[in-house]
Amino acid sequence: MFDNLSDKLDAVFKKLRGHGRLTEKQIKETMREIRLVLLEADVNFRVVRDFVATVSDRAVGQDVLKSLTPAQQVIKIVREELARLMGDGEDNSLKLAAKPPVSLMLCGLQGAGKTTSCGKLALKLRRDKRNPLLVPADVYRPAAIEQLKTLGRQLGIEVFDSTINDKPVDICSRARRYAELNGFDTIIFDTAGRLHIDTELMGELKGIVQAVAPQEILFVADAMTGQDAVTVAASFNEQLPLTGVILTKMDGDARGGAALSIRAVTGKPVKLVGMGEKLDALEVFHADRMAQRILGM
Amino acid sequence: RGRTEIDEELLEDLEEVLITADLGMKTTQHLIQALETRLAAGRLTDPEQVRELLKAELKKILALESRPVDFSSASPFVMMVVGVNGVGKTTTIGKLANQLSRAGHKVVLGAGDTFRAAAAEQLEVWGKRAGVEVIRHAEGADPAAVAFDAAKAAVARKADILLLDTAGRLHTKVNLMEELKKVRRVLDREISGAPHEILLVLDATTGQNALTQARMFHEAVGLGGIALTKLDGTAKGGIVVAIAAELNVPVRYVGIGEKLDDLRPFDADMFVSALFERS
Ligand SMILES: Nc1nc2c(ncn2[C@@H]2O[C@H](COP(=O)(O)OP(=O)(O)OP(=O)(O)O)[C@@H](O)[C@H]2O)c(=O)[nH]1
Ligand SMILES: Nc1nc2c(ncn2[C@@H]2O[C@H](COP(=O)(O)OP(=O)(O)OP(=O)(O)O)[C@@H](O)[C@H]2O)c(=O)[nH]1
Ligand SMILES: [K+]
Ligand SMILES: [Mg+2]
Ligand SMILES: [Mg+2]
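Quick summary incoming for the structure in this document. These numbers were taken from a predicted model, which means no experiment stands behind them.

### Considerations on the coordination of the potassium ion (ligand 3)
Residues and elements named next belong to chain B.
Then comes step 1: Protein-derived ligands of the potassium ion (ligand 3) are L231 (O), G233 (O) and A235 (O), with the metal-ligand distances lying across 2.5 to 2.7 Å.
Then comes step 2: Look at where the donors of the potassium ion (ligand 3) fall in the sequence and you get L-x1-G-x1-A.
Then comes step 3: Among the residues examined, A235 registers a relative accessible area of 6% and is labelled buried.

### A word on the site of ligand 1
Residue and element names in this part refer to chain A.
Then comes step 1: Close contacts around ligand 1 come from 23 residues, with G113, K114, T115, T116 and R141 the closest.
Then comes step 2: Within the backbone of G113, one N or O atom sits 2.8 Å away from an oxygen atom of ligand 1.
Then comes step 3: A distance of 3.2 Å separates an oxygen atom of ligand 1 from a polar atom in the backbone of G276.
Then comes step 4: Protein contacts shield 96% of the accessible area of ligand 1, which totals 650 Å² for the unbound molecule.
Then comes step 5: Of the residues forming the shell around ligand 1, the biggest block, four residues, is contributed by helix α5 (residues 114–127).
Then comes step 6: Partitioning the shell around ligand 1 into residue classes produces four nonpolar, 11 polar and eight charged.

### Details of unusual backbone geometry
Then comes step 1: Cis peptide bonds are those with omega within 30 degrees of zero, and the linkage from A:P100 to A:P101 qualifies with -5°.
Then comes step 2: Following the sequence through the fold, A:P101 ends up in the loop between α4 (70–85) and β1 (102–107).
Then comes step 3: Along the chain, B:S75 connects to B:P76 via a cis peptide bond; the corresponding omega equals -5°.
Then comes step 4: Among the structural elements, B:P76 can be located in the loop between α3 (47–62) and β1 (77–82).
Then comes step 5: The backbone of A:D42 sits at a positive phi, close to 75°, despite the residue not being glycine.
Then comes step 6: By the element assignment, A:D42 lies in the loop between α2 (24–40) and α3 (45–61).
Then comes step 7: Residue A:D42 is classed as buried on the basis of its relative accessible area of 4%.

### Some points on the sheet that holds strand β8 (residues 263–265) of chain B
Residues and elements named next belong to chain B.
Then comes step 1: One open sheet accounts for eight strands, arranged β3-β2-β4-β1-β5-β6-β7-β8; its pairing is mixed. Two strands close off the open sheet at either side, each with one partner strand: β3 (133–135) and β8. Strand-to-strand twist in this sheet, taken as the mean axis angle between neighbours without regard to direction, amounts to 25°.
Then comes step 2: Relative to strand β5 (residues 197–203), β1 runs parallel, the two being bridged by four bridges. Looking across to β5, one finds that V81 is bridged to L199.
Then comes step 3: Contacts from helix α7 (residues 174–190) reach β1, β4 (161–166) and β5 within the one sheet, and its direction differs from that of β1 by about 175°.
Then comes step 4: Together, β1 and β5 form the strand contacts of helix α8 (residues 209–221), whose direction differs from that of β5 by roughly 165°.

Analysis parameters
- Every chain's residues receive numbers from 1 upward, in the order its sequence appears when written.
- Starting at A for chains and at 1 for ligands, labels are handed out in the order in which the entities are written.
- Restriction of local features to residues with pLDDT of at least 70 applies here, the model being predicted, together with a cutoff of 80 or more for giving and counting side-chain atom pairs; totals for whole chains, interfaces and linings are based on all residues.
- Side-chain calculation: all heavy atoms of the structure are included, whereas hydrogens and water are not.
- Here a donor is any nitrogen, oxygen or sulfur atom (N, O, S) within 2.8 Å of the metal, with 3.2 Å used for Na, K and Ca; water is not among the atoms considered, so some sites may look incomplete.
- Accessible area is worked out with a 1.4 Å probe on protein chains only. A residue is then buried under 20% of its type maximum, exposed over 50%, and partly exposed in between.
- A molecule or strand has a residue near it when one of that residue's heavy atoms lies within 4 Å.
- Pairs of N or O atoms within 3.5 Å make up the polar contacts considered here, provided that, within protein, one atom can donate a hydrogen while the other can accept it, and that residues adjacent in sequence are counted only when both atoms are side-chain atoms.
- Residue burial considers only the protein chains on display, and all accessible areas are found by Shrake-Rupley using a 1.4 Å probe.
- Secondary structure elements follow DSSP: runs of H or I of four or more residues count as helices, runs of E of two or more count as strands, with numbering from the N terminus.
- Three classes are used, and their members are as follows: Ala, Val, Leu, Ile, Met, Phe, Trp, Tyr, Cys and Pro are nonpolar, Asp, Glu, Lys and Arg are charged, and the others, Gly among them, are polar.
- By definition, two strands form a pair when at least two bridges between them are found by DSSP.
- Here an angle of 0 to 180 degrees is reported between the N-to-C directions of two axes, which are lines fitted to C-alpha atoms, with helices fitted over the stretch in contact.
- Two residues qualify as a contact provided that any one of their heavy atoms is within 4.5 Å of a heavy atom in the partner residue.

This is the structure in structure tokens:
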């Protein structure tokens, strides 16, 4: 067995030596290997199908075999297409230019890393010379408010006072007024984890969006997510005007194909990447690096 | 000729079902190839028969010869709960504590996650809901010291069961996996044979990485079983099939929500049926 795509494709081309254009058989074998690699990396089934079709077209259109290293040539195409699909070269900076206070809302499934990412974002923004206010709007998860307050304490960043008896939409509206009156230029709203199929809780998020009109609505996704990533992301994106994605837990060994799936179905850029549990473990996203990671290179 | 075409399409459909349920390519290919062999041998004509055959095969893989957890096999019976970040360890402990205490056992919880912000507070809320005592230290304390105290307390209170929470950790972090081993040693020193069960919690939305998680946790501390959480979403959690096939670790519980009652024993029939339901 071969471990990486490069070796696998080399084997395909060695077995099926040809001249000039790729033969149909070579294309088929090649695409089979690429498909396997992507599926093993958790890229969604349908996204893989479309992707393989695109790469296949490009490979046929080029004289891949005239190159001395056809496998490398194909991999180059695959990497370029992957990076392009993931938004290579596109602007994935946070949009904070509006009149302050600027609001950012984080949302996503249970346990994705929202609360931790709120803390990380607050630290990052303060390092960028901003003055952020953290707002705990999760009244459901046991000790969620206490969790954010602890992070705030660790960072020396103020956390808006709320209790589990408050309504999330009210907390957010009040926090916004509080920020206006007290000179905060950025507000970070932490929301409770929820399933995309939970109509009531998704409605609550819509209420928050209506109440505070966030400039950034960031979908927080776990890099280890499997095939379901497309269903969840598409659903969040349909119900809320998402502006971007935070991909968490990238410090592990997951290949992170979910990133590609999410980008493909939402069209929203991955803006930031969580690289650990510590509060400074937040990095900007690089499409090309992600492409290499998905390919296991 | 016509029938072969239908069969091929059917196999492709079934392959899609398995892949999109996160069974992984190795398991999927293995299952589909076995079906192909059966089809080539003839006799099967009805697509429904083929589907049932596949379901039976899946159930066979999942139906491991495993004893259920026997909480009365030791006193106190110690269960340690492990897993990567955010999968549902603390919540599962809360639900389990409630079930066990309702069943008449005296349960004590150990707040072995001293790292994550407000992890002990979270467990305390669950302890209150379940009506059981929680042993905790301050944030940043040594988790092995919590394990030590929790074990001592469980013995002193004549508890039947100690459930020990641990901090979420990625299986790739060597020092954190070593820390787990240390906690396990401390428990064994205090209560001979403890922990009697190490439960790995897996999130059903996780893809292929769950297999690596199971492998590495199994290698590090030895797993007795798995709790598969968040099955109330649209993810199927099919990776447990690959895990059962490779590691022989049974799924014991499934999490189907965030409430106290949302924990059920694993049922292979229901699980396999759900794999084939379109969501
Ligand atoms: N290794 C790693 N762990 C992370 C990262 N981001 C968050 N975590 C951990 O993931 C777990 C869940 O994080 P939370 O921030 O509580 O997730 P959440 O989305 O707020 O969870 P809910 O509010 O329950 O929906 C915690 O153990 C975090 O420490 C990351 O980038 N890397
Ligand atoms: N929908 C759903 N949510 C769940 C289920 N089990 C746990 N959760 C949620 O998942 C999130 C994380 O759960 P925790 O119990 O904190 O997970 P954990 O593994 O202890 O997390 P860390 O200690 O941070 O590693 C919380 O929001 C829980 O309410 C489940 O079966 N279904
Ligand atoms: K489900
Ligand atoms: Mg949270
Ligand atoms: Mg926990």
